Amino acid sequence: MTTASMPEFPTGFRWGVSTSAHQIEGAVDADGRGPSIWDTFAHTPGRIADGSTGDVACDHYHRYAEDVALLAGLGVSAYRFSIAWPRVQPTGTGAANAAGLDFYDRLVDELLRRGVDPVATLFHWDLPQALEDAGGWLNRDTAARFAEYADLVAARLGDRVKLWITLNEPFIHMSLGHGMGMHAPGRMLLFDAFPVAHHQLLGHGLAVSALRARSSSPVAIANNYSPVRLAGDTAADRAAGAAYDALHNRLFTDPLLGLGYPEEPGFDPGVVRDGDLDVIAAPIDVLGVNYYNPTGIRAAEEDSPLPFEIVPLDGWPRTAFDWPVVPDGLRELLVGLRDRYGDRLPPIQVTESGCAYDDVPDADGRVHDPERIAYLDGHLRAVREAIDAGVDVTGYFVWSLLDNWEWAEGFTKRFGLVHVDYPSQRRTPKSSYAWFRDAVVRR
Ligand code: GBH
């Protein structure tokens, strides 16, 4: 637990928590929602660790008012949720499904009534299946479809959403979804997945103008980053580190901030057309940063298909996901972004930071999660140190409000400040919830 009290954060610093639609909503057939690639993937035997699906998840679609009450009780000033594209456009094109948008309309109004700023992500990986059937993000056309969807959402919610986030972690959607097949849509294209990077970025850029036409609220993207820790110090190790950094940390951010694509990972410029880089570099107001851990890297074996090898980082505590707990990696990341991008870098908000542990209620029904408190304490101090070093960080969102459906891990990983007993859907705030409220948000 914590001994020293939490350092001060700048006035107006945004404290929040994050979720995503497919991980909490359930209600996959409600009000005209169409199927998404994650419905298809989860219903394919062998894809999800515990054989579960997101069909019910946390039943948030029906319990959103209870969940907003939990947000209000936490005292946070912002809630980052995502909008399910297949609720808004069941087949990914055409007129809005009003009943689907009604849900987000109710959610946004309930948040505002409780004094919580709605922060809406437009794409957190749940592509309408009909678009996947037409090639998905390998098809350039999907970028234009995404901008049309953004327009429909902004037409309905643009007066009330306080911050827009276009895409969540386009790197993970490309690499795990299209490169390695561990996420939906389950393609295994390795480096042939690069068009998925470009078309997502193009969709982002087109969506930025669609949002600006309908809403005066700031616009962001949420990228995930993982600072490189070299396992050796040969020239080959350093080259491997640079290659991983380019692929994981710069492939999306360099072009977003006007530097074009990095050379190192051998990005195939074949799909890039004249003018695309200008669309992608449309100014954004905030850079969303998702951080979980650094990555150990060393030179790859001669016959490896990758230009680097990922090695476990020794000597750190580990979460239930086996990810190392390295709070200073967040300081290093934030300072590194400032050093690399300088004046090109907009203010940063940490849009995801959190950890999974095997949280089990005790005999009295209480859930004690001192590891999560220690995790958050360490990472908040790292953010404070980055601010002291001159990085403009204006917000921090914990992943996640609730235990939820953790993609390919199903229900086996619990990330919430609030425990969810799935059979009963009972919500129990963990000790980290009270700590975050008392030691951080309301201190
Ligand atoms: C995010 O992705 C997602 O946005 C969110 O939906 C999800 O629930 C949450 O995080 C938790 O998973 O073993 O060192 O190789 C996180 C992306 C990719 C971050 C894998 C950690 C692996 C660590 N993650 N990465 S390692």
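Rules behind the numbers
- Residues numbered from 1 in each chain as written.
- Predicted model: local features only at pLDDT ≥ 70, side-chain atom pairs only at ≥ 80, totals over all residues.
- Heavy atoms only, no water.
- Helix = DSSP H or I, 4+ residues; strand = E, 2+ residues; numbered from the N terminus.
- Buried < 20%, exposed > 50% of the residue type's maximum accessible area, 1.4 Å probe, protein only.
- Contact = heavy atoms within 4.5 Å.
- Core = buried A, V, L, I, M, F, W, Y, C linked by side-chain atoms within 4.5 Å.
- Pairing = 2+ DSSP bridges.
- Axes fitted to C-alpha atoms, helices over the stretch in contact; angles between N-to-C directions.
- Polar contact = N/O pair within 3.5 Å; in protein donor to acceptor, adjacent residues only side chain to side chain.

Caption draft 1: Expanded view of the side chain of Ser20. One can find Ser20 in the loop between β1 (14-18) and α1 (21-24). Take Ser20: its relative accessible area is 1%, and that puts it in the buried class. Leaving out residues up to four positions away in the same chain, Ser20 has contacts with Ser82, His124, Trp399 and Trp407.

Caption draft 2: Region of interest: the nonpolar core. One finds Trp164, Met174, Val383, Tyr396 and Phe436 to be the most contacted residues of the largest nonpolar core, which totals 125 residues. Each residue touching Tyr396, except ones within four places of it in the same chain, is listed here: Phe13, Arg14, Trp15, Gly16, Leu330, Val350, Ser353, Leu376, His379, Leu380 and Val383. Listed in part, the eight residues of the second largest apolar core include Ala78, Val119, Ala220 and Ala222.

Caption draft 3: Structural context of the environment of Phe171. Structurally, the position occupied by Phe171 is in helix α8 (residues 170-179). The sequence separation of Phe171 and Ile83 amounts to 88 residues, and the corresponding C-alpha distance is 19 Å. With near-sequence residues (within four places) excluded, Phe171 lies in contact with Asn224, Leu247, His248 and Phe252.

Caption draft 4: Broad picture of the sheet that holds strand β11 (residues 393-399). The eight strands lie next to each other as β1-β2-β3-β4-β5-β7-β10-β11, forming a closed barrel whose pairing is parallel. Neighbouring strand axes in the sheet, compared pairwise and without regard to direction, differ in orientation by 25° on average. Pairing of β1 with β11, which is carried by five bridges, proceeds in the parallel orientation. Within the sheet, the bridge partner assigned to Ser18 lies in β11 and is Trp399.

Caption draft 5: Focus on the side chain of Ser432. Relative to the elements of secondary structure, Ser432 occurs in helix α15 (residues 431-441). There is a polar contact of 2.6 Å between the side chain of Ser432 and the side chain of Asp369. The residues contacting Ser432, other than those within four sequence positions of it, are Asp369, Arg372, Ile373, Gly416 and Leu417.

Everything listed here is a matter of geometry and, on its own, says nothing about what the molecule does.
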